[in-house]
Amino acid sequence: MKGPFTQGPWAYSTSDEGWTFSIYQADDAGFTPESSDVATLFAHTVQCDPKDIQEANARLIAAAPDLLKACKAVANSGMRNAAYDACVAAIAAATGETK
């Protein structure tokens, strides 16, 4: 899926000590020069979030391109229902567009 963001799919990994989670382009993604690193999360935050919460956040961020693709598929399906409305709103939030 093309867009002004690092192309997916994305993956995440945990540092050896387990306190840092890196989100990056997966090996099967088309490489986007100078933007293959997406984000880094630190398990020891100001709010002292437990590691399991930050790992869940890393998984959710890594799934973002797939979630956007799925929302676009629902939005383009022609079926107008609550799922359609939720997907259109999610697409707008993800792309910075207004619905």
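Structure: see above.
Model, not experiment: these values are computed from the prediction.

Scoring rules and cut-offs
Per chain, the residues get numbers from 1 upward, laid out in the order the sequence is written. Under the rules for a predicted model, residues below a pLDDT of 70 receive no local features and side-chain atom pairs below 80 are neither given nor counted, while totals for whole chains, interfaces and linings still include all residues. Hydrogens and waters are ignored; side-chain quantities use all the structure's heavy atoms. Every axis in this analysis is a line fitted to C-alpha atoms, fitted for helices over the stretch in contact. Angles between the N-to-C directions lie between 0 and 180 degrees. A run of H or I in DSSP counts as a helix once it spans at least four residues, and a run of E counts as a strand once it spans at least two, with each numbered from the N terminus. In what follows, roughly perpendicular refers to angles from 65 to 115 degrees, roughly parallel to angles under 35, roughly antiparallel to angles over 145, and oblique to any angle outside these ranges. For a crossing to be left-handed, the near helix must be turned anticlockwise from the far one by less than a right angle; the clockwise case is right-handed. Should any heavy atoms of two residues lie within 4.5 Å, those residues are counted as being in contact. Each residue is assigned to one of three groups, with Ala, Val, Leu, Ile, Met, Phe, Trp, Tyr, Cys and Pro labelled nonpolar, Asp, Glu, Lys and Arg labelled charged, and all others, Gly among them, labelled polar. If DSSP finds at least two bridges between two strands, the strands pair. Residue count minus one, scaled by 1.5 Å, sets the expected span of a helix. Working definition: with a 1.4 Å probe on protein chains only, accessible area under 20% of the residue-type maximum means buried, over 50% means exposed, and in between means partly exposed. Arc, as used here, means the arc of the directions from the helix axis to the C-beta atoms. By nonpolar core we mean a set of buried residues, namely Ala, Val, Leu, Ile, Met, Phe, Trp, Tyr and Cys, connected to one another through side-chain atoms within 4.5 Å.

1. Some details on the packing of helix 2 (residues 64-75) against helix 3 (residues 82-95)
Link 1 in the chain: Close contact between helix 2 and helix 3 brings their axes to 8 Å; oriented N to C, the two are set at 135°. Classified by the interaxial angle, the pair formed by helix 2 and helix 3 is oblique. Note on packing geometry: the crossing formed by helix 2 with helix 3 is left-handed. Within the contact between the two elements, helix 2 uses Leu 68, Cys 71, Lys 72, Val 74 and Ala 75 and helix 3 uses Ala 83, Tyr 84, Cys 87, Val 88, Ala 90, Ile 91 and Ala 94.
Link 2 in the chain: Here the contact of helix 2 with helix 3 is composed, by residue class, of 11 nonpolar, no polar and one charged.

2. Some points on the pairing of strand 1 (residues 10-14)
Link 1 in the chain: Pairing geometry for strand 1 and strand 2 (residues 20-25), over five bridges, is antiparallel. From the neighbouring strand, Thr 14 faces strand 2, where its bridge partner is Phe 21.
Link 2 in the chain: What sits between strand 1 and strand 2 in their antiparallel hairpin is a turn of five residues, with Gly 18 showing a positive phi close to 80°.

3. Topic: the packing of helix 1 (residues 51-62) against helix 2
Link 1 in the chain: Helix 2 packs onto helix 1 with a crossing angle of 45° between their chain directions and a minimal axis gap of 5 Å. Accordingly, the angle class assigned to the pair helix 1 and helix 2 is oblique. Every residue of helix 2 that contacts helix 1 at Leu 60, Ile 61 and Ala 62 is listed here: Ala 64, Pro 65 and Leu 67.
Link 2 in the chain: Each residue belonging to the contact of helix 1 with helix 2 can be placed in one class, and the counts come to six nonpolar, no polar and no charged.

4. Regarding helix 1
Link 1 in the chain: Between its first and last C-alpha atoms helix 1 spans 16 Å; for 12 residues at 1.5 Å apiece the expected length is 16 Å, and the two agree.
Link 2 in the chain: Taken as a whole, helix 1 has its buried residues at Gln 54, Ala 58 and Ala 62. Looking straight down helix 1, one finds its buried side chains confined to an arc of 80°; they lie on one side. The outward face of helix 1, more than 90 degrees from its buried face, is lined by the exposed residues Asp 52 and Leu 60.
Link 3 in the chain: Close packing links the buried residues of helix 1 with strand 1, strand 2, strand 3 (37-42) and helix 2.

5. Structural notes on the nonpolar core
Link 1 in the chain: By size, the foremost hydrophobic cluster in this structure holds seven residues: Trp 10, Phe 21, Ile 23, Leu 41, Ala 43, Ala 58 and Ala 62.
Link 2 in the chain: Looking at this core, the elements with two or more residues in it are strand 2 and helix 1.
Link 3 in the chain: In this structure, Cys 71, Tyr 84, Cys 87 and Ile 91 belong to the second largest nonpolar core, which totals six residues.

6. Focus: the environment of Gly 8
Link 1 in the chain: With respect to the helices, strands and loops of the structure, Gly 8 is situated in the segment before strand 1.
Link 2 in the chain: For Gly 8, a relative accessible area of 24% puts it in the partly exposed group.
Link 3 in the chain: A C-alpha to C-alpha distance of 8.7 Å links Gly 8 and Ala 63, two positions 55 residues apart in sequence.

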